[in-house]
Amino acid sequence: MSRSHDDQHTYKIREVIGSSPDSSDEAIRNAIRDVGKSVRHLAWYEVTEQRGHIAQNEVAHFQVTLRAGFRIDA
């Protein structure tokens, strides 16, 4: 059984950092939304690092580093 060319893809990865004062989930969503403005065919993401800023003994800001994978045109 042979596979069609449509079943075979090549991907590239872009590392980005999202941030949010509300949550790490929102930081991820911000990063994906913003990278999607300049990169086509986004397919997946992987969180590689999470950190935040503390102010007055409270979490003040969330930062999430992620790798976003996107399919490149053949």
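Residues numbered from 1 in each chain as written. Predicted model: local features only at pLDDT ≥ 70, side-chain atom pairs only at ≥ 80, totals over all residues. Heavy atoms only, no water.

Colleague: What should I look at first to understand the nonpolar core in this one?
Modeller: Taken as a class, soluble globular proteins show a tendency for nonpolar side chains to be buried jointly. Counting 10 residues, the largest nonpolar core consists of Val 16, Ala 27, Ile 28, Ala 31, Val 35, Val 39, Val 64, Leu 66, Ala 68 and Phe 70. For this core, the elements supplying multiple residues, two or more each, are α1 (24-35) and β3 (58-71). Not counting the four nearest positions on each side in its chain, Val 64 is found in contact with Val 16, Ile 17, Gly 18, Ser 24, Ala 27, Ile 28, Val 47, Glu 49 and Gln 50. (Core = buried A, V, L, I, M, F, W, Y, C linked by side-chain atoms within 4.5 Å. Buried < 20%, exposed > 50% of the residue type's maximum accessible area, 1.4 Å probe, protein only. Helix = DSSP H or I, 4+ residues; strand = E, 2+ residues; numbered from the N terminus. Contact = heavy atoms within 4.5 Å.)

Colleague: I tried to follow the pattern of salt bridges on my own but got confused; where do I start?
Modeller: Pairing is possible between side chains of opposite charge, provided their charged atoms come close. According to the stated counting rule, one finds five salt bridges in the structure shown. A salt bridge links Arg 51 to Glu 49, with the nearest nitrogen and oxygen atoms 2.7 Å apart. The exposure class assigned to Arg 51 is partly exposed, which follows from its relative accessible area of 30%. One salt-bridge network, in which partners are shared between bridges, spans Arg 33, Asp 34 and Lys 37. (Salt bridge = Lys/Arg side-chain N within 4 Å of Asp/Glu carboxyl O.)

Colleague: Could you clarify how one ought to interpret the side chain of Ser 20 in this entry?
Modeller: Secondary-structure assignment places Ser 20 in strand β1 (residues 11-20). Classification of Ser 20 by relative accessible area gives buried; the value is 1%. Looking at Ser 20, its side chain comes within polar contact range of the main-chain nitrogen of Asp 22, at 2.9 Å. Those residues in contact with Ser 20 that lie beyond four places of it in its chain are Glu 26, Ala 27, Asn 30, His 61 and Phe 62. (Polar contact = N/O pair within 3.5 Å; in protein donor to acceptor, adjacent residues only side chain to side chain.)

Colleague: Please explain the environment of Phe 70 as it appears in this structure.
Modeller: Looking at where Phe 70 falls in the secondary structure, it is placed in strand β3. Under the relative-accessibility criterion, Phe 70 is labelled buried at 10%. Residues Phe 70 and Ala 43 lie 27 residues apart in sequence; the distance between their C-alpha atoms is 5.2 Å. With sequence-adjacent residues up to four places away left out, Phe 70 is seen in contact with Thr 10, Tyr 11, Lys 12, Ile 13, Arg 14, Val 39, Arg 40, His 41, Leu 42 and Ala 43.

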